[in-house]
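# Summary of the model geometry
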Amino acid sequence: MKRYFTVLIFGLITTLGICQEKRLLIENVTIIPMHINQVLENKDVVINNGIITELREHIENDTIDYELGRIDGTGKVLIPSFADAHAHLPERENLDSYILINLLNGVTTLRSMRGESWHLDIEKSEFTPKLVLSAPPITRRDSISKSDAEKLFENYKKQGYDFVKILSVKDVNTFDILVAQSKEKSLPLAGHCPSNIGIFNTCQSGVFESIEHLGGFFQLPEKDDIHKAIELSIYNDVYHCPTLDWYFTGQVVEDTLRNRKGVGFLPKERIEDWEKKINSYYFETTEEQRALDRSKNKTSFDTRLKNLRYIYHQGGKLLLSPDASGIYGVPGFGIHTEMQHFTMANISNYDILKAACYNLSKMLNKENEWGTIKVGAKSDLILLNANPLENIQNTEQIDGIVLNGQFYKKEFLLDKLNEKR
Ligand SMILES: [Zn+2]
């Protein structure tokens with residue numbers, strides 16, 4: 001009898017738990033769903049327990065009581081939230097403010113490109129973004145035998161890393177060993193295109209998810225080779241994450257960098273560190289040399305834009321990230337800057353948004369789960385005050401975000417960030 005009651009009560013609790021509605025309504029909004037090339041106007045979106053359960057024509061006199069509230073989307077645009085595909089998580093003590101800077105800018109997915117073991121222990125709260133975690137990077141200094149690699153990949157898989165980051169590799173033999181283990185343990189590789197392997201072989205390895213920083217292209221002198229590399233990347237499902245902003249800053253005078261949006265939210269120690277580097281650079285160089293450096297950096301940046309244009313026009317696959325790890329790279333805020341750099345490669349606003357909202361989920365085969373606005377998806381969302389298809393700078397016009405099913409006004413996130421400072 002006692003057991004019967006326990007089962008009954010347990011059953012009741014789970015039933016109540018599951019049935020408890022936590023609905024949020026965003027009404028009369030314009031939607032850019034991203035998985036289909038359409039713009040849907042005057043829609044109501046119902047999100048229940050984080051899952052989009054209804055997309056319907058706007059109803060004027062809906063009397064349902066939505067537990068998590070009702071957001072007026074009139075004149076506003078709803079898009080899936082942004083994924084930073086090349087993030088560098090900060091020191092543990094700065095993680096909370098780092099996350100809030102990202103949320104404030106609509107970034108709710110972070111693919112960490114420089115794994116550390118404590119990343120696996122990051123506790124989940126209602127404000128935790130989606131994390132795609134790399135294992136600690138492999139470099140050319142690592143001599144890795146077949147049995148080393150077996151143990152390494154097995155451990156990384158067991159520990160819960162999502163992929164193995166490659167910075168460089170010792171030689172072709174090591175690369176082959178890593179590729180074989182990556183296949184066997186179903187743990188993909190991503191990262192730099194190793195210069196001793198080259199972009200053709202990196203693409204054809206079959207396990208490389210993405211090449212960062214447009215790596216591999218600078219080694220190709222002939223245009224035909226560039227086209228071949230792009231073709232191979234398309235055929236083998238390899239994405240390119242250009243991280244233009246990391247390279248952009250090299251052509252900009254320091255005073256302009258100091259005034260970048262969001263700098264005031266960064267940890268003081270980081271700014272001091274950058275300023276030290278700038279000071280010693282100024283100590284070692286003359287104004288003429290610095291001007292020459294900036295103009296060289298501009299030329300090499302323009303080559304990057306040209307390669308990105310080739311990739312785009314040939315139908316290559318793109319991810320988006322500012323790689324905010326260099327001097328005056330600002331996480332969160334940088335995602336908008338990166339989108340603005342993409343326009344310099346003549347990429348359409350729609351495809352820029354797609355690279356920022358959707359492509360990472362597609363690369364990870366999660367496009368039915370997040371990165372889109374469709375029924376059944378558990379996507380985080382951004383409500384914008386202006387349409388980014390008209391002007392990509394409108395991605396900065398954030399009214400609020402939907403994170404884990406809950407709506408947060410931008411002002412709320414800003415207050416929370418200021419508390420952490
Ligand atoms: Zn990086």
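In what follows, the accompanying structure is described.

Moving on, we get to the overall build of the chain. A tally of helices and strands in the chain yields 14 helices and 16 strands. In terms of overall size, the chain behaves like a compact globule, its C-alpha atoms giving a radius of gyration of 23 Å where 421 residues would be expected to give roughly 22 Å. With the principal axes as the frame, the chain shows a C-alpha extent of 75 × 50 × 45 Å. The burial tally for the chain puts 40% of its 421 residues in the buried class. Once local pairs closer than 6 in sequence are excluded, the contacts in the chain between residues at least 24 apart make up 70%.

What follows is about the packing of helix H2 (residues 95–104) against helix H14 (residues 410–420). Following both chains from N to C, one finds H2 and H14 inclined at 160 degrees, their axes separated by 9 Å at the closest point. One element, H2, and the other, H14, form an angle in the roughly antiparallel class. The two elements H2 and H14 cross, and the hand of that crossing is left-handed. Facing H2, whose interface residues are Asp96, Ser97, Leu100, Ile101, Leu103 and Leu104, H14 presents Lys410, Leu413, Leu414, Lys416, Leu417 and Lys420.

Now for helix H10 (residues 287–313). Along its 27 residues, H10 runs 39 Å from first to last C-alpha, staying within 8% of the 39 Å computed at 1.5 Å per residue. Turning to H10, its buried residues number three or more, namely Arg304, Asn307, Leu308, Ile311 and Tyr312. In this structure, the buried residues of H10 make contact with helix H6 (223–235), strand E12 (239–241), helix H7 (244–248) and strand E13 (317–318). Among the residues trailing H10, Gly315 stands out with phi positive, at a value near 85 degrees.

A separate point is the nonpolar core. Core analysis: the largest hydrophobic core is formed by 101 residues, its most contacted members being Leu78, Ile79, Leu319 and Ala356. The biggest single contributor to this core is H2, with six residues. If we skip the residues at most four places from it in the chain, Leu78 touches Ile26, Val29, Thr30, Ile31, Val45, Gly73, Ile373, Leu381 and Leu383.

Below, the discussion takes up the sheet that holds strand E11 (residues 208–212). The parallel open sheet is built from eight strands, whose spatial order is E6-E7-E8-E9-E10-E11-E12-E13. Where the open sheet ends on each side, the last strands, each with one partner, are strand E6 (82–87) and E13. Note that strand E10 (residues 189–191) and E11 share two bridges and pair parallel. Residue pairing for E11: Gly191 is matched across the bridge by Ile211.

Turning our eyes to something else, we now look at the environment of Thr249. Within the fold, Thr249 resides in the loop between H7 and helix H8 (254–258). Put simply, Thr249 and Asn236 are 13 residues apart on the chain and 32 Å apart in space, counted from C-alpha to C-alpha. Among residues more than four places away in sequence, those in contact with Thr249 are Leu257, Gly326, Ile327, Tyr328 and Gly329.

This part takes up unusual backbone geometry. Within the chain, Asn49 stands out as a residue other than glycine whose phi angle is a positive 55 degrees. On the secondary structure map, Asn49 appears in the loop between strand E2 (40–48) and strand E3 (51–57). Positioned with a positive phi, Leu214 is a non-glycine residue whose angle comes to about 55 degrees. Relative to the assigned elements, Leu214 resides in the loop between E11 and H6.

It is worth spelling out the environment of Ala85 at this point. With respect to the helices, strands and loops of the structure, Ala85 is situated in strand E6. On the neighbour-count criterion, Ala85 (28 C-beta atoms within 10 Å) is buried. Between the alpha carbons of Ala85 and Thr243 there is a distance of 9.1 Å; along the sequence they are 158 residues apart. Ignoring anything within four residues of it in the chain, the contact list for Ala85 reads Arg111, Cys241, Leu319, Leu320, Ser321 and Leu360.

The next subject is the pairing of E6. When you tally the buried positions in E6, you get six out of six residues, the bulk of the element. Where E6 and strand E7 (residues 107–112) come together, four bridges link them in parallel fashion. Along E7, the bridge assignment pairs Asp84 with Leu110. Crossover connection from E6 via H2 to parallel E7: handedness right-handed.

Looking along a regular strand, one sees the side chains alternate between the two faces of the sheet. In terms of burial, E11 is a largely internal element, five of the five residues being buried. Chirality of the crossover, the property in question, places the unit of E10, helix H5 (residues 198–204) and E11 among those that are right-handed. Bridge analysis of E11 against E12 gives three bridges, and the strand direction is parallel. Paired with Glu212 across the two strands is Cys241, which belongs to E12. Taking the sense of rotation as the criterion, the β-α-β connection linking E11, H6 and E12 turns out right-handed.

Another aspect to go through is helix H3 (residues 146–159). Relative to the 20 Å expected for 14 residues at 1.5 Å per residue, H3 spans 20 Å between its end C-alpha atoms, a close match to the ideal helical length. By the burial criterion, the buried members of H3 are Ala149, Leu152, Phe153 and Tyr156. For H3, the angular spread of buried residues about the axis comes to 90 degrees, placing them on one side. Seen from the open side of H3, the exposed residues pointing more than 90 degrees away from its buried face are Ser147, Lys151, Asn155 and Lys158. Tucked inside the fold, the buried residues of H3 contact strand E8 (130–138), strand E9 (163–166) and helix H4 (172–185). Where H3 ends, the next residue or the one after it, Gly160, has phi of about 105 degrees, a positive value.

A word on the packing of H3 against H4. Relative to each other, H3 and H4 sit at 40 degrees, their axes nearing to 9 Å. With respect to H4, the axis of H3 lies oblique. Note on packing geometry: the crossing formed by H3 with H4 is right-handed. The residues of H4 that touch H3, namely those facing Lys146, Ala149, Glu150, Phe153, Glu154 and Lys157, are Ile177, Leu178, Gln181, Ser182 and Lys185.

Here is what the cut-offs are and how they apply
Residues numbered from 1 in each chain as written. Predicted model: local features only at pLDDT ≥ 70, side-chain atom pairs only at ≥ 80, totals over all residues. Helix = DSSP H or I, 4+ residues; strand = E, 2+ residues; numbered from the N terminus. Rg over C-alpha atoms; globule rule 2.2 N^0.38 Å. Buried ≥ 20, exposed ≤ 12 C-beta atoms within 10 Å, placed from the backbone. Contact = placed C-beta atoms within 7 Å. Axes fitted to C-alpha atoms, helices over the stretch in contact; angles between N-to-C directions. Parallel < 35°, antiparallel > 145°, perpendicular 65-115°, else oblique. Left-handed = near helix turned anticlockwise from the far one by under 90°. Expected span 1.5 Å × (residues − 1). Core = buried A, V, L, I, M, F, W, Y, C linked by C-beta atoms within 7 Å. Pairing = 2+ DSSP bridges. Right-handed = clockwise from strand over helix to strand, strands pointing away. Arc of directions from axis to C-beta.

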